[in-house]
Amino acid sequence: MINGQSVLGVILARGGSKGLPRKNIRDLAGKPLIAWTIEAGHESEYLDRLILSSDDEEIMTVAEEHGCEVPFRRPDELAQDDTPSMDALLHALNQVESHDYVVLLQPTSPLRTADDIDATIARCHQNEGMPCVTVTETDKPPQWMFTLG
């Protein structure tokens, strides 16, 4: 909660990744990839509730084992390669009670910290609810990204 306003964290994690199959539950430095996001969400000062939206039973089980609430199963039609994240997020928001702020936490950003989450929420609140997106400036040319030597 921030200044009396409630904050919902939502993790979207579908099971059908083709680029790196089962990526959300693959081990990364001793724990499943999704666990890093769940832990950062739990360490946030401002998140009142943290939920997972997934179509995959194994992801849902791993998330629950790491303390994330899984109040529903996402329909298969909202877990396709071409399903916009916004559609899955809107579905999730329709499954739970309303909150003043919603924070989308991508499980594929394991280096994000609770401080990052809280600073973004604080900035959003300071700007009277204007949407915020976090990015990181790179010191490498974009042409070097996503290539293997």
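The structure under discussion appears in the preceding block.
Below or above, wherever it landed, is the structure these notes cover. Going along each chain's sequence as written, the residues are numbered from 1 onward. Restriction of local features to residues with pLDDT of at least 70 applies here, the model being predicted, together with a cutoff of 80 or more for giving and counting side-chain atom pairs; totals for whole chains, interfaces and linings are based on all residues. Note that water and hydrogens are dropped before the side-chain values are worked out from all heavy atoms of the structure.

**Examining the overall build of the protein**
Applicable threshold: We count a stretch as a helix when DSSP gives it H or I for four or more residues in a row; a strand needs E for two or more, and each element gets its number in order from the N terminus. Buried, partly exposed and exposed residues are distinguished by accessible area as a fraction of the type maximum, computed with a 1.4 Å probe on protein chains only: under 20%, between the cut-offs, and over 50%, respectively. The contact definition used throughout considers only heavy atoms, calling two residues in contact when any of these lie within 4.5 Å. Positive residues here are Lys and Arg, negative ones are Asp and Glu, while His and the chain termini are left out of the count. In plain terms, the charge of a residue is placed at NZ if it is Lys, CZ if Arg, CG if Asp and CD if Glu.
Helix and strand counts for the protein come out as four helices and five strands. Reading the secondary structure of the protein in the N-to-C direction produces β-β-β-α-β-α-α-β-α. Projected onto its principal axes, the C-alpha coordinates of the protein cover approximately 50 × 40 × 30 Å. Evaluated residue by residue, the protein yields a buried proportion of 40% over its 149 residues. Taking as baseline every contact in the protein between residues at least 6 positions apart, the subset at least 24 positions apart corresponds to 65%. Put simply, the protein has 12 plus and 25 minus side-chain charges, and the middle of one group is 7 Å from the middle of the other.

**A word on the packing of aromatic side chains**
To keep it simple, the criterion reads: Only rings of Phe, Tyr and Trp enter the pairing, Trp through its six-membered ring, and a pair is recorded when the two centres are within 6.5 Å. The plane angle decides the type: under 30 degrees is stacked, over 60 is edge-to-face, the rest tilted. Only lysine NZ and arginine CZ atoms are considered, and such an atom sits over a ring when it is within 6 Å of the ring centre and within 35 degrees of the ring normal.
Considering all chains together, one arrives at zero aromatic pairs under this definition. The ring of Trp36 has Lys31 lying over it, and the distance from NZ or CZ to the ring centre is 3.8 Å.

**Considerations on the sheet that holds strand S5 (residues 101-104)**
Our working rule: Two strands pair if DSSP finds at least two bridges between them. Axis lines are fitted to C-alpha atoms, over the contacting stretch for helices. Their N-to-C directions set the angle, which ranges from 0 to 180 degrees.
The three strands lie next to each other as S4-S1-S5, forming an open sheet whose pairing is parallel. What marks the edges here is a single partner per strand, and that holds for strand S4 (49-53) and S5. Direction aside, neighbouring strands of the sheet carry axes that sit 25° apart on average. When strand S1 (residues 7-12) meets S4, the two strands line up parallel, connected through five bridges. Across the sheet, the residue bridging to Val10 is Ile51, located in S4.

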